Amino acid sequence: MSNRTFTMLKPDAVGNNYIGPILAKMNEAGFRIVAMKYTRLTPERAGEFYSVHKERPFYKDLVNYMSSGPIVAAILEKDNAVEDFRKLIGATDPAKAEKGTIRNLFAKSIEANAVHGSDSDENAAIEGNFFFSAFERF
Ligand code: CMP
């Protein structure tokens with residue numbers, strides 16, 4: 001089990017000025033930030049990041065949405081990072097996310113769901129490498 005996961009604060013979270021409160025929740029839950037970047041995905045890069053979903057009906061909208069404004073990408077460290085982080089953010093659909101989870105508190109819809117969290121150690125490594133070089137993580 002690896003102790004790192006990858007997250008993005010999505011365009012809705014950044015646009016609503018939730019960067020500070022969401023990062024505070026992550027820190028309070030014991031996650032340490034080991035890499036962080038404020039950036040924007042082009043449609044091509046967003047499409048590449050979410051290429052596992054390219055056959056899904058929501059893919060085109062997802063790519064448009066994820067390239068619609070700035071995001072914050074980060075690598076987080078904690079014991080059991082992937083699983084604990086998914087508990088902290090709650091279900092993909094904020095209407096189904098448990099009370100007190102980040103998506104329950106800050107997300108508005110299944111698409112604009114405030115944050116991304118890797119679903120496995122393997123994907124955490126792939127997604128972290130998508131945004132950060134070895135020299136940008138600490
Ligand atoms: P995320 O956990 O980043 O992974 C895939 C993303 O697709 C998801 O969050 C949502 O932003 C978006 N999405 C939009 N519609 C759906 C849907 N019906 N099911 C799952 N994900 C969706």
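Above this text you will find the structure in question.
Undergrad: Which residues make up the layout of surface pockets, and what are the values?
TA: The calculated volume of the largest pocket comes to roughly 650 Å³. Around the largest pocket, the lining is made up of 24 residues, and of these Tyr 50, Val 52, His 53, Leu 62 and His 116 lie nearest the centre. A per-element tally of the lining of the largest pocket places helix H7 (residues 121-131) first, with four residues. By residue class, the composition of the lining of the largest pocket is eight nonpolar, eight polar and eight charged.

Undergrad: Let's hear about the environment of Phe 130: which residues, and what values?
TA: For Phe 130, the location among the structural elements is in helix H7. Overall, Phe 130 belongs to the buried group, its relative accessible area being 16%. Residues Phe 130 and Lys 37 lie 93 residues apart in sequence; the distance between their C-alpha atoms is 12 Å. The residues contacting Phe 130, other than those within four sequence positions of it, are Leu 41, Arg 45, Glu 48 and Phe 49.

Undergrad: Mind laying out the environment of Met 36, listing which residues take part and the relevant values?
TA: By the secondary structure assignment, Met 36 is in strand E2 (residues 32-39). Given a relative accessible area of 37%, Met 36 falls into the partly exposed group. Along the backbone, Met 36 and Phe 131 are 95 residues apart, and their C-alpha atoms lie at a distance of 9.1 Å. Those residues within four positions of Met 36 in sequence are excluded, and the remaining contacts are Leu 23, Val 72, Ala 73, Ala 74 and Phe 132.

Procedures and definitions
Residues numbered from 1 in each chain as written. Predicted model: local features only at pLDDT ≥ 70, side-chain atom pairs only at ≥ 80, totals over all residues. Heavy atoms only, no water. 1 Å grid on protein atoms, 1.4 Å probe; cavity = no way out; pocket = protein on both sides within 12 Å on 5 of 7 lines; lining within 4 Å. Points joined across faces, edges and corners; volume = space filled by probe spheres on them. Helix = DSSP H or I, 4+ residues; strand = E, 2+ residues; numbered from the N terminus. Nonpolar A, V, L, I, M, F, W, Y, C, P; charged D, E, K, R; others polar. Buried < 20%, exposed > 50% of the residue type's maximum accessible area, 1.4 Å probe, protein only. Contact = heavy atoms within 4.5 Å.

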